[in-house]
Amino acid sequence: MTHLLHGLRCATCLTLNALWLDPVRGLVECSECGQTALIVTDPDEGRTA
């Protein structure tokens, strides 16, 4: 299940509203140029310093 990331621009091709988040695979992908980026989750959500 993927989610479109509205209002964000691809850093590679600069296309607006082309990024899709895939939380199961842990990545963001640009539907225009195919660039992917892995996401890192913070299980602590920044509660400790």
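Refer to the structure printed above.
Residues numbered from 1 in each chain as written. Predicted model: local features only at pLDDT ≥ 70, side-chain atom pairs only at ≥ 80, totals over all residues. Heavy atoms only, no water.

Novice: Would you mind going over unusual backbone geometry with me for this structure?
Specialist: The phi dihedral of L14 is positive, around 65°, even though this residue is not glycine. Note on placement: L14 falls in the loop between β1 (3-4) and β2 (19-22). Residue classification places L14 among the exposed positions, given a relative accessible area of 52%. (Helix = DSSP H or I, 4+ residues; strand = E, 2+ residues; numbered from the N terminus. Buried < 20%, exposed > 50% of the residue type's maximum accessible area, 1.4 Å probe, protein only.)

Novice: What is the right way to look at the pattern of salt bridges in this model?
Specialist: Across all of its chains, the model carries 2 salt bridges by this definition. Members of the salt-bridge network, linked through shared partners, are D22, R25 and E29. (Salt bridge = Lys/Arg side-chain N within 4 Å of Asp/Glu carboxyl O.)

Novice: Could you clarify how one ought to interpret the state of the cysteines in this entry?
Specialist: Each disulfide is one covalent bond, formed between the sulfur atoms of two cysteines. Scanning the model with the defined rule gives 0 disulfides in all. You can see C13 has no disulfide; the closest cysteine sulfur is in C30, sitting 3.7 Å from it. On the basis of relative accessibility, which here comes to 28%, the residue C13 falls in the partly exposed class. For C30, a relative accessible area of 1% gives the class buried. (Disulfide = S-S within 2.5 Å.)

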